[in-house]
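Residue-level structural notes
Given next are the chains, with one letter for each unit.
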Amino acid sequence: IGPWIAKDMFWNLEFPVCTLLCGAIVLVLVMDYMRRAGQLHFAAELLWACGNIIWGCTELVLKDNLPLRLLAAAFLAAGLVATVASGASARLQKGAEERNGEHRTLVAKGLAAASLSSSAQAPRQG
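About the criteria used
Residues numbered from 1 in each chain as written. Predicted model: local features only at pLDDT ≥ 70, side-chain atom pairs only at ≥ 80, totals over all residues. Heavy atoms only, no water. Phe/Tyr/Trp six-rings, centres within 6.5 Å; stacked < 30°, edge-to-face > 60°. Buried < 20%, exposed > 50% of the residue type's maximum accessible area, 1.4 Å probe, protein only. Helix = DSSP H or I, 4+ residues; strand = E, 2+ residues; numbered from the N terminus. Core = buried A, V, L, I, M, F, W, Y, C linked by side-chain atoms within 4.5 Å. Contact = heavy atoms within 4.5 Å. Expected span 1.5 Å × (residues − 1). Arc of directions from axis to C-beta.

1. Some remarks on the packing of aromatic side chains
Inspection of every chain in the model, using the stated rule, returns two aromatic pairs. Ring geometry for Phe10 against Phe15: centres 6.2 Å apart, planes inclined by 45°, an arrangement best described as tilted. By relative accessible area, Phe15 is classed as partly exposed at 41%. When the ring of Tyr33 is compared with that of Phe42, the centres are 5.7 Å apart and the planes differ by 45°; the resulting orientation is tilted.

Have a look at this one:
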């Protein structure tokens, strides 16, 4: 989070070299997270970081180059879509796990009830 804050600080101070350097550090860190975890959430972060860096570059270095701004907007939009997809995926997975847990509980209760029922119905030997 430190390099991201530094990138934004340098961007506000209009130091393009420091902004791009911190942006590159952010990209390397996010790519490392993706390599380790491989989750869609980190793909969203990577897209967002790319869009953010391109936007900053057009603002500080290239003086508002429209095609690059549109490219940056496309990266940001793709990051937003990936974020929503990641959230939906996590929600679906959590729901499936909860249903699975409820199913196991019901099966266990059913087996316990069947066991009690069969032992109560079994003839006593004596």
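2. A closer look at the environment of Leu21
Relative to the helices and strands, Leu21 is located in helix α2 (residues 16–37). Remark: the alpha-carbon pair of Leu21 and Phe10, spanning eleven residues in sequence, is separated by 9.9 Å.

3. Comments concerning the nonpolar core
With six residues, the main nonpolar core is built from Val26, Leu27, Val30, Leu46, Ala49 and Ile53. Contributing elements (two or more residues each) for this core: α2 and α3 (40–60). Setting aside residues no more than four positions away along its own chain, Leu27 makes contact with Leu46, Ala49, Cys50 and Ile53.

4. Thoughts on α2
Residues spaced three or four apart along an α-helix point in a common direction, a consequence of the helix completing one turn every 3.6 residues. Between the first and last C-alpha of α2 there are 31 Å, a value that for 22 residues agrees with the 32 Å anticipated at 1.5 Å per step. Three or more residues of α2 are buried, namely Thr19, Cys22, Gly23, Val26, Leu27 and Val30. Along α2, the residues classed as buried sweep out an arc of 150° about the axis, all on the same side. Exposed and oriented more than 90 degrees from the buried face of α2 are Val17, Leu21, Val28, Arg35 and Arg36. Downstream of α2 by one or two residues, Gly38 has phi in the positive range, about 65°.

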